[in-house]
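# Working through the structure, step by step
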Amino acid sequence: MNPFYVLGSILVILGIALSSAKWFLGYEDIGSWPLVAFAPGLLLNWLGRRREKQISL
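Here the structure is a predicted model, which is why all the values come from computation and not from measurement.

### Re the overall build of the chain
Secondary structure summary: the chain contains two helices and zero strands in total. Whereas a compact globule of 57 residues would reach a radius of gyration of roughly 10 Å, the chain reaches 14 Å, over 25% beyond that. Dimensions of the chain, computed from C-alpha atoms along their principal axes, come out at roughly 45 × 15 × 10 Å. With 57 residues in all, the chain has 25% of them scored as buried. Within the chain, contacts between residues separated by at least 24 positions form 66% of all contacts whose residues are at least 6 apart in sequence. Surface accessibility of the chain: about 4500 Å² in total, with carbon and sulfur atoms responsible for 70%.

Below you can see the structure in the form of C-alpha cells.
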C-alpha cells in the first residue's frame, strides 16, 4: 500500500475526529487544528491515488 495514501487517510480521520470534538463536545481550545489535519490529509490522499494510478499503468 502507498504510504502517502495511508498517512493521508490517518490525517483525514484525525481531522474528522477533531472537528467532531470541537462541534459536538464544545472544545473551543482546539482552534484550527481540524483544518491543519484535514487539508494535508486530502492532499496526501490525492497524491497517493495519483501515484497508484501511475504505477498500475
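### Overview of the packing of helix 1 (residues 3-24) against helix 2 (residues 33-56)
Contact pair helix 1 / helix 2: the axes reach a minimum separation of 7 Å and the direction vectors enclose 155 degrees. Relative to helix 2, helix 1 is oriented roughly antiparallel. Considering the relative orientation of helix 1 and helix 2, their crossing is left-handed. Residues of the contact of helix 1 with helix 2, tallied by class, amount to 15 nonpolar, seven polar and three charged.

### Looking at helix 1
What sets the pattern is the α-helix's 3.6 residues per turn: residues three or four places apart point alike. Under the 1.5 Å per step criterion, the end-to-end length of helix 1 is 31 Å for 22 residues, consistent within 8% with the ideal 32 Å. On its buried face, helix 1 sits against helix 2. Where helix 1 begins, the capping side chain belongs to Asn2, and its oxygen is found 3.2 Å from the backbone nitrogen of Phe4.

### Some details on a nonpolar patch on the surface
A contiguous nonpolar patch, built from Phe4, Leu43, Trp46 and Leu47 and spanning about 380 Å² of accessible area, is present on the exposed surface. When residues in the nonpolar patch are grouped by element, the largest group, three residues, is from helix 2. Mapped onto the secondary structure, Leu43 falls in helix 2.

Conventions adopted
- Residues numbered from 1 in each chain as written.
- Predicted model: local features only at pLDDT ≥ 70, side-chain atom pairs only at ≥ 80, totals over all residues.
- Heavy atoms only, no water.
- Helix = DSSP H or I, 4+ residues; strand = E, 2+ residues; numbered from the N terminus.
- Rg over C-alpha atoms; globule rule 2.2 N^0.38 Å.
- Buried < 20%, exposed > 50% of the residue type's maximum accessible area, 1.4 Å probe, protein only.
- Contact = heavy atoms within 4.5 Å.
- Areas by Shrake-Rupley, 256 points an atom, 1.4 Å probe, with all protein chains shown as cover.
- Axes fitted to C-alpha atoms, helices over the stretch in contact; angles between N-to-C directions.
- Parallel < 35°, antiparallel > 145°, perpendicular 65-115°, else oblique.
- Left-handed = near helix turned anticlockwise from the far one by under 90°.
- Nonpolar A, V, L, I, M, F, W, Y, C, P; charged D, E, K, R; others polar.
- Expected span 1.5 Å × (residues − 1).
- Polar contact = N/O pair within 3.5 Å; in protein donor to acceptor, adjacent residues only side chain to side chain.
- Patch = residues over 30% accessible without salt bridge, like charges linked within 9 Å, V, L, I, M, F, W, Y side chains within 5 Å.
- Salt bridge = Lys/Arg side-chain N within 4 Å of Asp/Glu carboxyl O.

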